[in-house]
Every structure is written in structure tokens, then in C-alpha cells.
Amino acid sequence: MRIILLGPPGAGKGTQAKRIADKYDVPAISAGDLFRARIKDPGDPLGKELKEILDSGALVPNEITVKMISDRLDQDDCKNGFILDGFPRSVEQAESLQKMLKEKGIELDAVVQIGVDDDKLVERISGRFSCGECGEGYHDKFKQPHDPSTCDKCGAVDKFTRRSDDNEETVRDRLHTYHTQTAPILPFYEERGMLKTVDGMADMDDVTRQIEAVLKAEKGPNAHNSPKKFG
Ligand code: ADP
Ligand code: AMP
């Protein structure tokens, strides 16, 4: 199972990537999470530069991003597959990815676009928070923890955090970046017959079902992973 999840910020890529990854037992690789891990590391010389870029809503330069993804795909846990969330984000990155996969002898099974209207995205992003311990994602309105201070998944107490770029101004900049730089990769994959679109306006479980239906239909020669929990 080797797939890319595409969509604007707040579309639900991270939410769905984690669910599909868990089900198929492959890692969910979020470019944004890789950057945030480096920002969190006080000893990382790149951290400060990355924080400024992320807080501005711009894209991190390709030479940093492409190498980071390539190194991540070389790790052992990617041998049976992966789900890429947030990469590629420009035609140049999509071309780099094609080249990289060819060199590594890997074929993609599907490119799934999660389509959501812009006005919904601001609401989704401004209500987003996550557990600082395990990364489980929540939403003020659409996915509240059972206890307001306790993570449902790992039980951590008072560990919920919000991203510094999840404010309305940066969200607008990130949406602009998406429309000008990322959306042009949709025709790139469409021309190659790889693009499948699901309705991301639906509720989370429904979106998961739509993605699973795409994956079942698209199962290519490399999509040998069986769902871990049900068939
Ligand atoms: P992305 O990774 O594409 O930026 P996320 O997966 O982090 O998006 O989702 C953004 C926010 O919207 C999160 O708070 C998440 O809980 C919520 N969310 C995700 N999918 C849906 C959905 N289908 N309906 C309602 N809220 C959703
Ligand atoms: P995300 O976690 O996907 O919302 O991404 C957060 C931020 O990380 C983006 O607004 C960009 O600044 C940066 N980023 C994520 N993925 C990429 C990428 N593929 N290329 C460049 N920058 C990225």
C-alpha cells in the first residue's frame, strides 16, 4: 500500500492518513510533522528557520523537503508501504517524487484527493488541537475528547496543544499557497490516470469509507498489504 493523500490544509489528510495507516499497518508520513519534530528539537540548527517558514504559511524549500522525504522512505518501516500526507505540495516536488520512487524501485498505488470547500477549512483548522504526547487529533466541534483534559487514546492529562500556524491569518496564507502552488499537481496526477477524488465534506467515518473503496478498487501489484482489522 503506497499512497499519497492530497488536499488543502484542514481537509483531513492527517486524520485519514492515521486511520488508513493503522488499518494497513504502514507508516503515515506527514511532511509537516517531520518539520515540527525538528522545530521541537532545541539542538536542531534548522529548527528556527523552519518555524519562521511554517508560521508564515509558505512552503519549506525543496532541497530540504525532498531530502527529508527521501530519507524517511528509506527507513525500514516503509518497506511494505507508506501513506504520504502533505508531500508533494508543488509540481516540482511531484516530479522529484516520481524520480525518487523510480530510483528506489517503488510504484504508487493511488493518489487520493480529499476535496473540501475553502470556507469549511477555516472552521476545521481553527478548531484543531492534538495530544502533545501521542499526536491524536481532535476538534472543538467535530471530535471532542470524552473528558476535556484527557486524551482518549493515550490517557495523557492536560497535554492538548494547538499549532502556532493554526490561526486565521496564517490559514488564509496557507490556502493561498495551496491554490497557487499545490493545486497544479492535481492535473499532473490526473494526466497520469492516478488521481482519485473523495468528498472530504462528509463526516470522518464516511471519508474513511470512501478512501477504502478507492484503495480496494485500485489495488495494484504493490498493494499487497491486507487490512489489519477487517477485509
Ligand atoms: P489536514 O491534515 O489535511 O491539515 P486534519 O486531519 O488535521 O487536516 O483535520 C483538520 C481538523 O478537522 C482536525 O481538527 C480534524 O479533527 C477535523 N476533521 C478532519 N476530518 C474531518 C471531517 N471529515 N469532518 C469534520 N472535521 C474533520
Ligand atoms: P501541514 O502539517 O501539512 O499542515 O504543513 C504545515 C506546514 O509545513 C506548511 O504550511 C508548510 O510550511 C510546511 N510543509 C508541509 N509540507 C510541505 C512540503 N511538501 N513542502 C514544503 N513545505 C511543506
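The structure displayed is predicted, hence computed values, not measured ones.

Draft legend 1. Focus on the environment of Gly-7. Along the chain, Gly-7 turns up in the loop between β1 (2–6) and α1 (13–24). Sequence-wise, Gly-7 and Ala-17 are 10 residues apart; in three dimensions their C-alpha atoms are separated by 12 Å. Look past the residues within four positions of Gly-7 in its chain and what remains in contact with it is Lys-13, Ile-114 and Tyr-178.

Draft legend 2. Representation of the site of ligand 2 within the structure. Near ligand 2 lie 16 residues; those nearest to it are Arg-36, Ala-58, Gly-86, Arg-89 and Gln-93. Side-chain polar atom of Gln-93 to a nitrogen atom of ligand 2: 2.8 Å apart, as the coordinates give it. Counting residues per element, the shell around ligand 2 draws most heavily on helix α2 (residues 31–40), which supplies 4 residues. Its residues placed into classes, the shell around ligand 2 shows 7 nonpolar, 4 polar and 5 charged.

Draft legend 3. Highlighting the site of ligand 1. Not every one of the 18 residues close to ligand 1 is listed here, only the nearest: Gly-10, Gly-14, Thr-15, Arg-128 and Tyr-138. One of the side-chain nitrogen or oxygen atoms of Thr-15 is found 2.5 Å away from an oxygen atom of ligand 1. In this structure, Met-204 approaches ligand 1 through a main-chain N or O atom, which is 3.4 Å from a nitrogen atom. Protein contacts shield 91% of the accessible area of ligand 1, which totals 550 Å² for the unbound molecule. At the level of elements, α1, β6 (137–139) and α9 (204–218) are the ones that each hand at least two residues to the shell around ligand 1. The element best represented in the shell around ligand 1 is α1, accounting for 3 residues. Split by residue class, the shell around ligand 1 holds 8 nonpolar, 6 polar and 4 charged.

Draft legend 4. Inspection of the pattern of salt bridges at higher detail. Scanning all chains against the criterion turns up 21 salt bridges. Residues Glu-212 and Lys-23 are paired through a salt bridge, measuring 2.9 Å at the closest nitrogen-oxygen approach. Separated by 189 residues along the polypeptide, Glu-212 in helix α9 and Lys-23 in helix α1 bring together distant segments of the chain. Here Glu-212 and Lys-23 have matching classes, each one buried.

Calculation notes
- Residues numbered from 1 in each chain as written.
- Chains lettered and ligands numbered in written order.
- Predicted model: local features only at pLDDT ≥ 70, side-chain atom pairs only at ≥ 80, totals over all residues.
- Heavy atoms only, no water.
- Helix = DSSP H or I, 4+ residues; strand = E, 2+ residues; numbered from the N terminus.
- Contact = heavy atoms within 4.5 Å.
- Near = heavy atom within 4 Å.
- Polar contact = N/O pair within 3.5 Å; in protein donor to acceptor, adjacent residues only side chain to side chain.
- Nonpolar A, V, L, I, M, F, W, Y, C, P; charged D, E, K, R; others polar.
- Areas by Shrake-Rupley, 256 points an atom, 1.4 Å probe, with all protein chains shown as cover.
- Salt bridge = Lys/Arg side-chain N within 4 Å of Asp/Glu carboxyl O.
- Buried < 20%, exposed > 50% of the residue type's maximum accessible area, 1.4 Å probe, protein only.

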